[in-house]
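Here's the letter readout for the chains.
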Amino acid sequence: MESENGTVVTEFILLGLTQSRDIQLLVFVLVLIFYFIILPGNFLIIFTIRSDPGLTAPLYFFLGNLAFLDASYSFIVAPRMLVDFLSEKKVISYRGCITQLFFLHFLGGGEGLLLVVMAFDRYIAICRPLHYSAVMNPRACYAMLLALWLGGFVHSIIQVVFILRLPFCGPNQLDNFFCDVPQVIKLACTNTFVVELLMVFNSGLMTLLCFLGLLASYAVILCRIRGSSSEAKNKAMSTCTTHIIVIFFMFGPGIFIYTRPFRAFPADKVVSLFHTVIFPLLNPVIYTLRNQEVKASMKKVFNKHIA
């Protein structure tokens, strides 16, 4: 039945990652193995940070939230993608598509803002150490956490409102393995040029500005630590290098997908796979492997429960 905004499409057909059954099987096995190895690691990070009294600094508070956001983010696309690999017909309802799109940008926008907060935390810790405890007090940390969740919600709801106002009257084939803004907009049976520009401004410009701002902030931090003692310099360098790696993982694919006109490129699906499935699971692990305090605490927690 046609609704007030002209929508007659009730479901979308996902064309998937690839049409090759052999490649689908290979990706299915690899993602499944990766998913069940790395995802428990993210929950272990959360449990360790919450249970160890020694990990109460704001850095670990935000790291635990990053692990939670990334674990939640990985549930949006990966499980359905794995099920669809085993299905002949890959169908998602209109409401399911909008819901998936909302949470994708809600959690993704929140994570981008969380990385900005973590950069601010490192800047204060390294460049203004005497003011650190006053600026990054528990109340301020919770306020920043609330702000980034709210920012992610506002970013996502803008996308959803624009899409809900578009009429969809066919075709209904999405050339992807999940619902995202570029592919969904192209199926609207109206001129979407203005909407595309607004979407690029909301997603693409936000992603690019956050990315450039984060790189600039870490450049300032690295310049400030050049004259520090060897031990403090090495520790700060290790932390900043880890953050920069995660920034490239998070924002690189986002810039590729959202800062250009919505045209299909051969690499789109591969970039989307890493952006929505692989990198979200890896980010907290990368932080943890380069953080001696968290690694030592995780070993204690693991040995305690094994014993």
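Treat the numbers as computed from the prediction; the structure is a model and nothing was measured.

Reading the values: rules and limits
- Residues numbered from 1 in each chain as written.
- Predicted model: local features only at pLDDT ≥ 70, side-chain atom pairs only at ≥ 80, totals over all residues.
- Heavy atoms only, no water.
- Helix = DSSP H or I, 4+ residues; strand = E, 2+ residues; numbered from the N terminus.
- Buried < 20%, exposed > 50% of the residue type's maximum accessible area, 1.4 Å probe, protein only.
- Contact = heavy atoms within 4.5 Å.
- UniProt positions renumbered as here; feature names shortened; annotations may be inferred.
- Pairing = 2+ DSSP bridges.
- Axes fitted to C-alpha atoms, helices over the stretch in contact; angles between N-to-C directions.
- Disulfide = S-S within 2.5 Å.

Enquirer: Got a sec to walk through the environment of Leu-15? Specific residues and values, please.
Expert: With respect to the helices, strands and loops of the structure, Leu-15 is situated in the loop between β1 (11-14) and α1 (21-51). The partly exposed category is assigned to Leu-15, whose relative accessible area is 27%. The sequence separation of Leu-15 and Asp-84 amounts to 69 residues, and the corresponding C-alpha distance is 9.9 Å. Apart from residues lying up to four places away in sequence, Leu-15 is in contact with Gln-173, Leu-174, Asp-175 and Asn-176.

Enquirer: Which residues make up the UniProt feature "transmembrane region" (unreviewed entry) in the chain, and what values do they have?
Expert: Under the local residue numbering, the UniProt record ascribes the feature "transmembrane region" (unreviewed entry) to residues 23-47, 59-78, 98-120, 141-164, 205-225, 237-258 and 270-289. Structurally, residues 59-78 is divided into 100% helix and 0% strand, and its ends, taken at the C-alpha atoms, are 28 Å apart. End C-alpha atoms of residues 98-120 are separated by 33 Å, and the span's content is 100% helix alongside 0% strand.

Enquirer: Give a detailed account of the sheet that holds strand β3 (residues 173-174), specifying residues and quantitative values.
Expert: Overall, mixed pairing links the three strands, which are arranged β2-β1-β3 in an open sheet. Edge positions in the sheet fall to β2 (91-93) and β3, since each has one partner strand and no second. Here β1 runs beside β2; their pairing, made up of three bridges, is antiparallel. The partner of Ile-13 across the bridge, within β2, is Val-91. Sheet strands touched by helix α3 (residues 94-127): β1, β2 and β3. Its angle to β2, the strand with the most contacts, is close to 85°.

Enquirer: How would you explain the state of the cysteines if you had to name every residue and give the values?
Expert: Each disulfide is one covalent bond, formed between the sulfur atoms of two cysteines. Under the counting rule described, the total for this entry stands at two disulfides. Disulfide pairing places Cys-97 opposite Cys-179 at an S-S distance of 2.1 Å. Its S-S torsion of approximately -125° makes the covalent link between Cys-97 and Cys-179 left-handed. One end of the pair, Cys-97, is in helix α3; the other, Cys-179, is in the loop between β3 and α6 (181-186), with 82 residues separating them in the sequence.

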